[in-house]
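Tertiary structure, described
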Amino acid sequence: MEVKMEPSWKTALEGEFGKEYFKQLAEFVRAEYTHAVVYPPPKNVFRAFDLCPFNNVEVVILGQDPYINAGEANGLCFAVGEGMRLPPSLQNIFKEIESDIGPLKNKSGDLERWARQGVLLLNAVLTVRAGASASHQSKGWEEFTDAVVRALNDQKEHLVFMLWGNYAKQKGAHIDRTKHLVLESPHPSPLARGGFFGHHHFSKANEYLKNHGREPIDWL
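The following paragraphs examine the structure supplied in this document. What you see is a predicted model, and the numbers here were worked out from it, not measured in a lab.

Let's shift gears to the state of the cysteines. Each disulfide consists of a covalent bond between the sulfur atoms of two cysteine residues. In this structure the tally under the stated criterion is zero disulfides. Here C52 stays unpaired: no disulfide links it, and the sulfur of C77, its closest cysteine neighbor, is 11 Å away. C77 sits in the buried class, given a relative accessible area of 0%.

A separate point is helix 4 (residues 88-100). With 13 residues, helix 4 ought to run about 18 Å at 1.5 Å a step, and its terminal C-alpha atoms sit 18 Å apart, in line with that. Burial in helix 4 covers these residues: S89, L90, N92, I93, F94, E96, I97 and D100. Against helix 5 (112-115), strand 5 (160-164) and helix 8 (201-211) lie the buried residues of helix 4.

This next bit is on the layout of surface pockets. Where empty space is left becomes clear once a probe the size of a water molecule has been rolled over the atoms. One number sums up the size of the largest pocket: a volume of about 680 Å³. As for the largest pocket, its lining consists of 38 residues, and the residues nearest its centre are D65, P66, Y67, S89 and H187. For the lining of the largest pocket, the secondary-structure elements that each account for two or more residues are strand 2 (59-63), helix 4, strand 3 (119-123) and helix 7 (166-171). In terms of residues, the lining of the largest pocket owes the most to one element, helix 7, which gives three residues. Of the residues belonging to the lining of the largest pocket, the class tally is 22 nonpolar, 13 polar and three charged.

Now for the pairing of strand 3. Side-chain direction in a regular strand flips from residue to residue, so the side chains alternate between the two faces of the sheet. Among the five residues in strand 3, five count as buried, and that is most of the element. Burial along strand 3 is two-sided: V119, L121 and N123 and L120 and L122, pointing in opposite directions, are all buried.

Let us now look at unusual backbone geometry. Residues apart from glycine generally show negative phi values, whereas peptide bonds are mostly found in trans. Cis geometry is found at the peptide bond from Y39 to P40, where omega equals -5°. If you trace the backbone, P40 turns up in the loop between strand 1 (38-39) and helix 3 (47-51). Although it is not a glycine, F78 adopts a positive phi angle of roughly 70°. Along the chain, the position of F78 falls in the loop between strand 2 and helix 4. Classification of F78 as buried rests on a relative accessible area of 9%.

Following both chains from N to C, one finds helix 2 (residues 20-35) and helix 6 (residues 141-155) inclined at 125°, their axes separated by 9 Å at the closest point. If you check the angle between helix 2 and helix 6, you find them oblique. The crossing of helix 2 and helix 6 is left-handed. Contacts from Y21, F22, L25 and V29 in helix 2 reach W141, E143 and F144 in helix 6. Classifying every residue of the contact of helix 2 with helix 6 by side-chain character gives six nonpolar, no polar and one charged.

Moving on, we come to the packing of helix 4 against helix 8. If you want to describe how two helices pack, look at the angle between their axes and the distance between the axes. For the pair helix 4 and helix 8, interaxial distance at closest approach is 8 Å and the crossing angle is 60°. By the angle between their directions, the pair helix 4 and helix 8 is classed as oblique. Along its contact with helix 4, which presents I93, E96, I97 and D100, the element helix 8 presents H201, F202 and S203. Among the residues making up the contact of helix 4 with helix 8, the classes are represented as three nonpolar, two polar and two charged.

This part takes up the sheet that holds strand 5. If you trace the four strands from one edge of the open sheet to the other, you get 3-2-5-6, paired in parallel fashion. The outermost strands of the open sheet, each flanked by one partner alone, are strand 3 and strand 6 (181-185). The sheet shows a mean angle of 20° between the axes of neighbouring strands, direction not considered. Pairing of strand 5 with strand 6 involves five bridges; the strand directions are parallel. Following the sheet pairing, V160 is matched in strand 6 by L181. The sheet contacts of helix 6 involve strand 2, strand 3 and strand 5, and relative to strand 3 the element is tilted by about 150°.

What counts, and where the lines are drawn
Residues numbered from 1 in each chain as written. Predicted model: local features only at pLDDT ≥ 70, side-chain atom pairs only at ≥ 80, totals over all residues. Heavy atoms only, no water. Disulfide = S-S within 2.5 Å. Buried < 20%, exposed > 50% of the residue type's maximum accessible area, 1.4 Å probe, protein only. Helix = DSSP H or I, 4+ residues; strand = E, 2+ residues; numbered from the N terminus. Expected span 1.5 Å × (residues − 1). Contact = heavy atoms within 4.5 Å. 1 Å grid on protein atoms, 1.4 Å probe; cavity = no way out; pocket = protein on both sides within 12 Å on 5 of 7 lines; lining within 4 Å. Points joined across faces, edges and corners; volume = space filled by probe spheres on them. Nonpolar A, V, L, I, M, F, W, Y, C, P; charged D, E, K, R; others polar. Axes fitted to C-alpha atoms, helices over the stretch in contact; angles between N-to-C directions. Parallel < 35°, antiparallel > 145°, perpendicular 65-115°, else oblique. Left-handed = near helix turned anticlockwise from the far one by under 90°. Pairing = 2+ DSSP bridges.

Dropping the structure here:
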């Protein structure tokens, strides 16, 4: 099966596409797009990879599912389509950045500007049926994105992984802390009752990148 994906990622993940789970996942997703409204649009399913090639990854932020409302899901975790109202979690992420680093210059929720600098904004599940949270969980996406995390862990050095909330922490449990920086905190959702604030992940990430000869991310 031909997968349309940024070439360096296809190389890093080439062992996955022929596996039985991925074939079944592809059939399921194709059928869902045919018979239901599914987000994000097909062209954006692998947008996180297209905007942030494997060779460019510096920071990994792990999310869970795409948003379920029209115009929101755009292929990048925590991000929303241009012009959409910011979801509560993203509002809190922006608040933490301003507290940690300084006033935001760009408050667009799209976050493409981060992805192009080397921030992989990866959801564990890459598609969802409109209005139905978790509808595409346990169909194979989790196994695929586990392989993504594993490839980054094994094939690269000195990455920063931001794991927000228990789900992300579990997904990143096997990351090698001796060669990568792993930053953990409660989820940015308001349901976490403010536990997300004050962790300074954004300045810590930039300090780590600079200490290893990398360009810091312009989060602002």
